[in-house]
Amino acid sequence: VQLQASGGGLVQAGGSLRLSCAASGRTFGSYFMAWFRQAPGKEREFVAAIRWNGAGGPYYADSVKGRFTVARDSAKRNAVHLQMNNLKSEDTAVYYCATRSVPGAPTSEAEYAYWGQGTLVTVSS
C-alpha cells in the first residue's frame, strides 16, 4: 500500500485548507485511515480517523473537533480528505496520512503500518 498526501500550503488564521490522501494498492475495508500531524519540536499526534468502509466514527482529536472534517471521497474508493476550517496558528504542522491492517484504537499510532510522505500546513497569524 502506498499513500500520497497532498493539499498543504500557507493560509491565514481563520482560513481553510483541504488535504487529500490517495491510496494505491489494497485498502483495508474495516480498518482505519487516519491523519496525524507533527509540529516543529513536538511529537507526532493524532488528528482524525475514518474507516475505509465508513462504518462507525469518524474520530477526532479534541483540539480539532468542530473545525476539521474527515471523509471518504465520494467518487474515488481509495481516497480520503481532511477539510480544515477556522485554522489556527497551532495547526501549523506536517500532516501525514496513515492506514493499517489491524484492529485497535484509531489513535494508536504504532499500529499504523503504512504512511504517506507528509504535507506541510502553515497557518500565519
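In what follows, the accompanying structure is described. (Residues numbered from 1 in each chain as written. Predicted model: local features only at pLDDT ≥ 70, side-chain atom pairs only at ≥ 80, totals over all residues. Heavy atoms only, no water.)

**Focus: the packing of aromatic side chains**
For step 1, the next point in the chain: Counted under the stated rule, the structure contains six aromatic pairs.
For step 2, the next point in the chain: Ring geometry for Phe-36 and Trp-115: centres 5.2 Å apart, planes at 50°, overall tilted. With Phe-36 in strand β4 (residues 32-38) and Trp-115 in strand β10 (residues 114-115), the pair connects residues that are 79 residues apart, well separated along the chain.
For step 3, the next point in the chain: Residue classification places Phe-36 among the buried residues on the basis of a relative accessible area of 1%.
For step 4, the next point in the chain: Look at Trp-115 and you get partly exposed, because its relative accessible area is 26%.
For step 5, the next point in the chain: Grouped by ring-pair contacts, the aromatic residues Phe-36, Phe-46, Tyr-96, Tyr-112 and Trp-115 constitute a single cluster.
For step 6, the next point in the chain: Geometry around Tyr-96 places Arg-44 over its ring, the cationic atom sitting 5.1 Å from the centre.
For step 7, the next point in the chain: Here the basic side chain of Arg-100 rests over the ring of Tyr-112, its NZ or CZ set 4.7 Å away from the ring centre. (Phe/Tyr/Trp six-rings, centres within 6.5 Å; stacked < 30°, edge-to-face > 60°. Helix = DSSP H or I, 4+ residues; strand = E, 2+ residues; numbered from the N terminus. Buried < 20%, exposed > 50% of the residue type's maximum accessible area, 1.4 Å probe, protein only. Lys NZ or Arg CZ within 6 Å of the ring centre and 35° of its normal.)

**Quick notes on the state of the cysteines**
For step 1, the next point in the chain: Taken as a whole and judged by the stated rule, the model has one disulfide.
For step 2, the next point in the chain: A sulfur-sulfur separation of 2.1 Å characterises the disulfide bridge that pairs Cys-21 with Cys-97. Handedness here is read from the sign of the S-S torsion; for Cys-21 and Cys-97, about 70°, the answer is right-handed. Of this pair, Cys-21 sits in strand β3 (residues 17-24) while Cys-97 sits in strand β9 (residues 93-99); the two residues are 76 residues apart in sequence, bridging distant segments of the chain. Considered together, Cys-21 and Cys-97 belong to a single accessibility category, that of buried residues. (Disulfide = S-S within 2.5 Å.)

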